[in-house]
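Here is how the chains run, residue by residue.
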Amino acid sequence: IIEGHAENYDLDPALLAAVIYRESRFDPEAVSEAGAIGLMQLLPDTAKGIATYTGGSKFRVEDLRDPELNVRYGAFYLRRLLDKYGDVELALAAYHAGQGNVDDWLARGEGILFPETREYVEDVLRLREIYRDAHGLARARA
């Protein structure tokens, strides 16, 4: 699922895996205090918007527990953020803290202001390297 959607949305599969791990520890039943659901911890309103934008018409909140659909929507959203900000760190900050916050920080000429968001970005980037190394080792042995 990760490699397929990474390819479909021109994402680094290690980055996608890192986001999933940091968001849900690969638990498709994960639900945050804010109401984000599934592997990539998508808010229902965000997912409904993605479903509508990509041609879906029968979105149901419980669909977010489906790993394939959740990763597809999350990969789509991450690709949009990367395209918008042109920077992995800013895209990850927006994934975590919201686009409005990142837009405000940029308008004020500031960096990532929330300590928990800075930690999130650092964690995802560190995890991405771990997944890259593990993936490279698996290929070398194959």
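Since the structure is predicted, the reported quantities are computational estimates derived from the model, not experimental observations.

## Describing a negative patch on the surface
Taken together, the side chains of Asp87, Glu89, Glu116, Glu119 and Glu122 define an acidic patch exposed on the protein surface. If one sorts the elements of the negative patch by residue count, helix α7 (residues 115-141) sits on top with 3 residues. By the element assignment, Glu89 lies in helix α5 (residues 88-97).

## So, the layout of surface pockets
The calculated volume of the largest pocket comes to roughly 310 Å³. Lining the largest pocket we find Glu23, Ser32, Ala34, Ala36, Gln41, Leu42, Leu43, Thr46, Tyr77, Ala94, Tyr95 and His96. Within the lining of the largest pocket, the residues separate by chemical class into 7 nonpolar, 4 polar and 1 charged. Here the second largest pocket defines a volume of roughly 150 Å³. If you go around the second largest pocket, you meet 10 residues; those closest to its centre are Glu3, Pro13, Ala14, Tyr131 and His135. The element that contributes the greatest number of residues to the lining of the second largest pocket is α7, accounting for 4 residues. Its residues assigned to classes, the lining of the second largest pocket comprises 5 nonpolar, 1 polar and 4 charged.

## Points about the environment of Leu125
Structurally, the position occupied by Leu125 is in helix α7. According to the relative accessible area criterion, Leu125 is buried, its value standing at 18%. Sequence separation between Leu125 and Asp83 is 42 residues; the distance between their C-alpha atoms is 18 Å. Look past the residues within four positions of Leu125 in its chain and what remains in contact with it is Val88, Glu89 and Leu92.

## Focus on the packing of helix α4 (residues 67-85) against helix α6 (residues 99-107)
Taken N-terminus to C-terminus, the directions of α4 and α6 make an angle of 10°; their axes are 13 Å apart at the nearest point. One element, α4, and the other, α6, form an angle in the roughly parallel class. Facing α4, whose interface residues are Tyr77, Leu81, Lys84 and Tyr85, α6 presents Gln99, Val102, Asp103 and Leu106.

Quick notes on the rules
Residues numbered from 1 in each chain as written. Predicted model: local features only at pLDDT ≥ 70, side-chain atom pairs only at ≥ 80, totals over all residues. Heavy atoms only, no water. Patch = residues over 30% accessible without salt bridge, like charges linked within 9 Å, V, L, I, M, F, W, Y side chains within 5 Å. Areas by Shrake-Rupley, 256 points an atom, 1.4 Å probe, with all protein chains shown as cover. Salt bridge = Lys/Arg side-chain N within 4 Å of Asp/Glu carboxyl O. Lys, Arg positive; Asp, Glu negative; His and termini not counted. Charge placed at Lys NZ, Arg CZ, Asp CG, Glu CD. Helix = DSSP H or I, 4+ residues; strand = E, 2+ residues; numbered from the N terminus. 1 Å grid on protein atoms, 1.4 Å probe; cavity = no way out; pocket = protein on both sides within 12 Å on 5 of 7 lines; lining within 4 Å. Points joined across faces, edges and corners; volume = space filled by probe spheres on them. Nonpolar A, V, L, I, M, F, W, Y, C, P; charged D, E, K, R; others polar. Buried < 20%, exposed > 50% of the residue type's maximum accessible area, 1.4 Å probe, protein only. Contact = heavy atoms within 4.5 Å. Axes fitted to C-alpha atoms, helices over the stretch in contact; angles between N-to-C directions. Parallel < 35°, antiparallel > 145°, perpendicular 65-115°, else oblique.

Honestly, it's all geometry; don't read function into it.
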